[in-house]
Amino acid sequence: MQSTAHAFKDNVGTALADPNLQDSLSKLKVGFSERRRQAAERLPEFEALRDRARDIKNHTLANLDFYLEEFERKVIALGGHVHWAPTAADARRIIADLCRSVGARTVAKSKSMVAEEIALNEHLEELGIAPIETDLGEYIIQLRHEPPSHIIAPAVHLTKDQVADTFLEHHRKLGFDKRLTERNDLVAEARYVLRQKFLDADVGLTGANFLVAETGSSMLVTNEGNADLSNTLPKMHIVLASIEKVIPTLEDAAVLLRVLARSATGQESSAYTTLNTGPKRPGDLDGPEQYHVVLLDNGRSGVLGTEMQEILRCIRCGACMNHCPVYGAVGGHAYGWVYPGPMGAVLTPQLVGVEEASNLPNASTFCGRCESVCPVRIPLPKLMRHWREREFERHLTPRAVRQGLALWSFVARRPGLYRSLTAIANRVLSLFGRADGRYRSLPLAGGWTRFRDFPAPPAGGTFHTQWKAARKRP
Amino acid sequence: MVAGVSNSSGNHRSPPRRVALFVTCLVDLFRPAVGFAAIKLLEEAGCTVEVPPLQVCCGQPAYNTGDRATTRAIAIQVMDAFEGYDAVVAPSGSCGGMLSHHYPALFDDQPALKARAENLAGRSHELISFLVDVLGIKKIATQYDGTVTYHDSCSGLRELGVKEQPRQLLGSVKGLELREMKTPEVCCGFGGTFCVKYPEISNAMVGEKSADIAATGADTLLAGDLGCLMNMAGKLQREGSAVRVRHVAEVLAGMGDLPAIGEPETGAR
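Residues numbered from 1 in each chain as written. Chains lettered and ligands numbered in written order. Predicted model: local features only at pLDDT ≥ 70, side-chain atom pairs only at ≥ 80, totals over all residues.

Participant: Give a description of the overall build of chain A that names residues and reports values.
Facilitator: Summing up its helical and strand segments, chain A has 21 helices and 12 strands in all. Looking at chain A as a whole, 49% of its 474 residues qualify as buried. The contacts in chain A between residues at least 6 apart in sequence include a share of 74% that link residues at least 24 apart. (Helix = DSSP H or I, 4+ residues; strand = E, 2+ residues; numbered from the N terminus. Buried ≥ 20, exposed ≤ 12 C-beta atoms within 10 Å, placed from the backbone. Contact = placed C-beta atoms within 7 Å.)

Participant: Any chance you could break down the overall build of chain B for me, citing the residues and the numbers?
Facilitator: Each helix and strand counted, chain B has 13 helices and 10 strands in total. The C-alpha atoms of chain B give 18 Å as radius of gyration, which agrees with the globular expectation for 269 residues (18 Å, within 12%). With respect to the three principal axes, the spread of C-alpha positions in chain B is 50 × 50 × 35 Å. Burial analysis of chain B (269 residues in total) assigns 59% to the buried set. Residue pairs in contact within chain B that sit at least 24 positions apart in sequence constitute 77% of those at least 6 positions apart. (Rg over C-alpha atoms; globule rule 2.2 N^0.38 Å.)

Participant: Can you tell me about the nonpolar core, naming the residues and giving the values?
Facilitator: Across soluble globular proteins, you tend to see nonpolar side chains buried next to one another. Counting 212 residues, the largest nonpolar core has A:Leu240, A:Leu256, A:Val294, A:Leu296, B:Ala38 and B:Val89 as its most contacted members. The greatest single-element share of this core, amounting to eight residues, is contributed by helix 2 (residues 32–44) of chain B. Other than its neighbours up to four places away in sequence, A:Leu240 contacts A:Ala91, A:Ile95, A:Ser112, A:Val114, A:Ala115, A:Leu205, A:Gly207, A:Val294 and A:Leu296. (Core = buried A, V, L, I, M, F, W, Y, C linked by C-beta atoms within 7 Å.)

Participant: Residue-level account of the domain arrangement of chain B, with values.
Facilitator: Accessible area lost when the parts come together is the quantity often used to give the size of an interface. All names here are of chain B. According to the domain assignment, chain B consists of domain 1 (5–132) and domain 2 (142–252). When each unit is reduced to the centre of its C-alpha atoms, the spacing between domain 1 and domain 2 is 22 Å. Contact with domain 1, which involves 26 residues of that partner, is made by 22 residues of domain 2. Grouping the constituent residues of the side of domain 1 that touches domain 2 by class yields 13 nonpolar, 11 polar and two charged. (Domains from an automatic or database assignment. Nonpolar A, V, L, I, M, F, W, Y, C, P; charged D, E, K, R; others polar.)

Participant: Quick rundown of the domain arrangement of chain A? Include the residues and the values.
Facilitator: Domains assigned within chain A are domain 1 (5–296) and domain 2 (400–472). On a C-alpha basis, the centroid separation for the pair domain 1 of chain A and domain 2 of chain A is 52 Å.

Participant: Outline the interface of chain A and chain B, listing residues and values.
Facilitator: Each side of the interface is counted separately: chain A has 54 residues, and chain B has 57 residues. Its residues assigned to classes, the side of chain A that touches chain B shows 27 nonpolar, 15 polar and 12 charged.

Participant: Break down the confidence of the model for chain B for me, with residues and values.
Facilitator: Per-chain confidence: chain B averages 93 in pLDDT, with 93% of residues scoring 70 or above. Counting contacts from residues 8–15 of chain B, a segment whose pLDDT is below 50, to residues more than four positions away or on other chains yields eight contacts. (pLDDT = per-residue confidence, 0-100.)

Participant: With reference to specific residues and values, describe the sheet that holds strand 9 (residues 272–276) of chain A.
Facilitator: Residues and elements named next belong to chain A. With respect to topology, four strands assemble into an open sheet ordered 8-5-6-9, the strand pairing being mixed. Looking at which strands have only one partner, the edges of the open sheet turn out to be strand 8 (246–247) and strand 9. Relative to strand 8, strand 5 (residues 210–212) runs parallel, the two being bridged by two bridges. Within strand 8, the position partnered with Leu 211 by the bridge is Val 246. (Pairing = 2+ DSSP bridges.)

Participant: Could you give me a rundown of helix 17 (residues 380–393) of chain A, with the residues and numbers involved?
Facilitator: Residue and element names in this part refer to chain A. In a regular helix each residue adds 1.5 Å, so 14 residues correspond to 20 Å; helix 17 covers 20 Å between its end C-alpha atoms and thus fits that length. Buried residues dominate helix 17, accounting for 10 of its 14 residues. If you check which residues of helix 17 are buried, you get Leu 380, Pro 381, Leu 383, Met 384, Arg 385, His 386, Trp 387, Arg 388, Glu 391 and Phe 392. Looking at the buried residues of helix 17, the elements they touch are helix 13 (319–322), helix 15 (341–352) and helix 16 (369–373). Backbone geometry just after helix 17 places His 395 at a positive phi near 60°. (Expected span 1.5 Å × (residues − 1).)

Participant: Can you lay out the packing of helix 11 (residues 199–216) of chain B against helix 12 (residues 226–238) of chain B for me, pointing to particular residues and giving the numbers?
Facilitator: Residues and elements named next belong to chain B. One can describe the packing of helix 11 onto helix 12 by two numbers: an axis separation of 10 Å at closest approach and a directional angle of 75°. As summarised for this structure, helix 11 and helix 12 are arranged roughly perpendicular, according to the angle between their axes. Contacts between helix 11 and helix 12 involve Val 206, Gly 207, Lys 209, Ser 210 and Ile 213 from the first element and Asn 231, Met 232, Lys 235 and Leu 236 from the second. (Axes fitted to C-alpha atoms, helices over the stretch in contact; angles between N-to-C directions. Parallel < 35°, antiparallel > 145°, perpendicular 65-115°, else oblique.)

Participant: Explain unusual backbone geometry to me, using residue names and the numbers behind them.
Facilitator: Residues and elements named next belong to chain A. With a phi angle near 60°, Arg 316 is a residue other than glycine that sits in the positive phi range. Among the secondary structure elements, Arg 316 is positioned in the loop between strand 10 (290–296) and helix 13. In this structure, Leu 444 is a non-glycine residue whose phi angle is positive, near 70°. Topologically, Leu 444 is positioned in the loop between strand 11 (438–439) and helix 20 (446–449). Exposure remark for Leu 444: the 9 C-beta atoms within 10 Å place this residue in the exposed category.

Participant: Explain the sheet that holds strand 4 (residues 87–90) of chain B to me, and be specific about the residues and the numbers.
Facilitator: Residues and elements named next belong to chain B. Spatially, four strands are ordered 3-2-4-5 in an open sheet, and the strand pairing comes out parallel. Edge positions in the sheet fall to strand 3 (48–50) and strand 5 (124–126), since each of these pairs with one other strand and no more. Within this sheet the neighbouring strands show an average axis-to-axis angle of 35°, counted without direction. Note: strand 4 against strand 5, three bridges, orientation parallel. When the bridges of strand 5 are listed, Val 88 appears paired with Ser 124. This element, helix 7 (residues 127–134), spans strand 4 and strand 5 of the sheet and lies at about 100° to strand 5.

Participant: So what's going on with the environment of A:Val114? Which residues, and what values?
Facilitator: Residue and element names in this part refer to chain A. As for its position among the elements, Val 114 is in helix 6 (residues 113–117). Judged by the 22 C-beta atoms lying within 10 Å of it, Val 114 falls in the buried class. Put simply, Val 114 and Asn 298 are 184 residues apart on the chain and 10.0 Å apart in space, counted from C-alpha to C-alpha. Val 114 has contacts with Gly 207, Leu 240, Ala 241, Ser 242 and Leu 296, leaving out every residue within four places of it along the chain.

Participant: Mind laying out the pairing of strand 2 (residues 106–109) of chain A, listing which residues take part and the relevant values?
Facilitator: Residue and element names in this part refer to chain A. In the sheet, strand 2 pairs with strand 3 (residues 130–133) via four bridges, with the strands oriented parallel. When the bridges of strand 3 are listed, Thr 106 appears paired with Ala 130. Two strands pair when backbone bridges link them, and strand 2 and strand 4 (residues 203–206) are joined in this way by three bridges, in the parallel orientation. Bridged to Lys 109 within strand 4 is Leu 205.

Participant: Tell me about the environment of B:Gly93, and please be specific about residues and values.
Facilitator: Residues and elements named next belong to chain B. Within the secondary structure layout, Gly 93 lies in helix 5 (residues 93–106). Under the C-beta neighbour-count criterion, Gly 93 is labelled buried, with 29 such atoms within 10 Å. Remark: the alpha-carbon pair of Gly 93 and Gly 191, spanning 98 residues in sequence, is separated by 13 Å. In this structure, Gly 93 is in contact with Glu 126, Ser 153, Ser 155, Gly 156, Glu 159, Leu 160, Val 162, Gly 224 and Asp 225, ignoring residues within four places of it in sequence.

Written out as structure tokens, the structure is:
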């Protein structure tokens, strides 16, 4: 997917002016966070589970090479294949070669953010292979030629009416010429249209929520069951997953699943949890003949051992964006690439470059709500601040900001000078603002006064001026 | 109005603690009354309060812009200014959190400075939580005639656990009725320099906050951080709202009759 993260500020303007998006976001903000809160409250050990989930991921990351090789050994022993993809281009090539090896014309895909990351659909289309999204949200945005706006709810930016219009436009040629208005009817129509595509697909491609080293299994959770059709019906199943998805054992998976669904949707468990462990065995009634796992690095191993390593704990639940007031204001598309919200603000600069994505870690108030709900306790504000430090070191911080900061810092490090200057500022602001109590516009403060009045200080001087005067009095 | 504080036993704690007030830049420049309110509350709780003269800023503008060198220099200045006091108290969760949660990690590679930073961190507190959690103040004998709603400023809430303490003290104020917002814990969109770097997003956030405030029907908005208060006051006033905005310390200290934030002074017009 082509990044527009550099145009973040323009994207924000578009997002704020989009009434459909704002309507969708107003529902998302309340719904997800309320359901997550209730789910967490119902489970007394939830906070302890978050600690365990964090520890499991930390242990795995500290021994990532070991667990990845263990996973590979197990997959091979099961009769499957593991492909190592250092870059996005490698992963695209590997998957294209696999598809061509079976003469594939269609690929049934269940939702995979890593597939978005490597721009797989565009690549397959160029080769004349049709990727068919089978997750309802992904299917909707595929019809609309839009990128996902959320990592677990890719079409969350759309209203029901927009979906109805999209279905009418695209399904009319299949004989569905009635505009539907009920949610259930829309789902039923999509289910009907997609069912035949599952049956026709030559290859099923899925992502993975976890890769289990001790069994060589890939694990998927969905609420639609579409992944199960993607990986059992076609003759080849390709799992595309990034390297940090590996975990040691099924026992660990049980812990992570318990925090994942609650954090994501407030469910105790997703409707479908599926383990794929190798290809169809002799005597099995169904299952794929070939089972391939493509392990994508794409810059992640470069994060290991750095101050950013903690982002690799992320299990892609979406809680950080569901609770982020910035995401809640502008939605996912404004972030300009695959991963939006706080986790995206940390991961995107790593994957597409900090020059391209410099706005993302800056567009945060550091309110800390993301960290407070992260199931694996990633200190997202701290990691965003690390990006700001790297930008500052590399002189990527905008010049006006740097100059302003340098001036402020010069004064702030000289308490005497600071007192004199603040006394003058206080006096001027108080003198001219006293009559109204506030300013409707102020030189050099347009960013503030465009939308807000600026409160004027009352007469009498700064606190320190008044304190000093009071002390001198007998 | 008569203000007075009482702790669990009804007596002031003795011997009085030697407390340094960290005024904070915004209080110093825009709302000195908050500093005086803090001193009053602390003194009535039995503390001896001093205002170290060499204090300036906690360094957050540099810290949150990624300028670690300047942040460290300012942190050292703060450590020097507040050396030797039993406690350092700020009428702000944001500045208090900077001292108590962020300073030590600035000096991971300098053990001597890290030890000093940890020492300061251990002595640093946000005002209201200091009154309740450290001094054991349970109620305050004062009056404020109004319905108030309380905004939980982010750093105080999530870094320092300031949530029940202000509500507990406000609950003891005569004449005061507290009406909660639907989402008092959601950020108001201030975020320091964020509000001028991303004004459109900040405006969307504070617009939602002002709607939440209006829906409570409260006539007064309180919070524990002046940055958030100025942001919300500025938005409410731009929208023509009649809600008055004050720092929680002012109300607790019996200074609730001062002109609210952004209001003209009596007789100035």
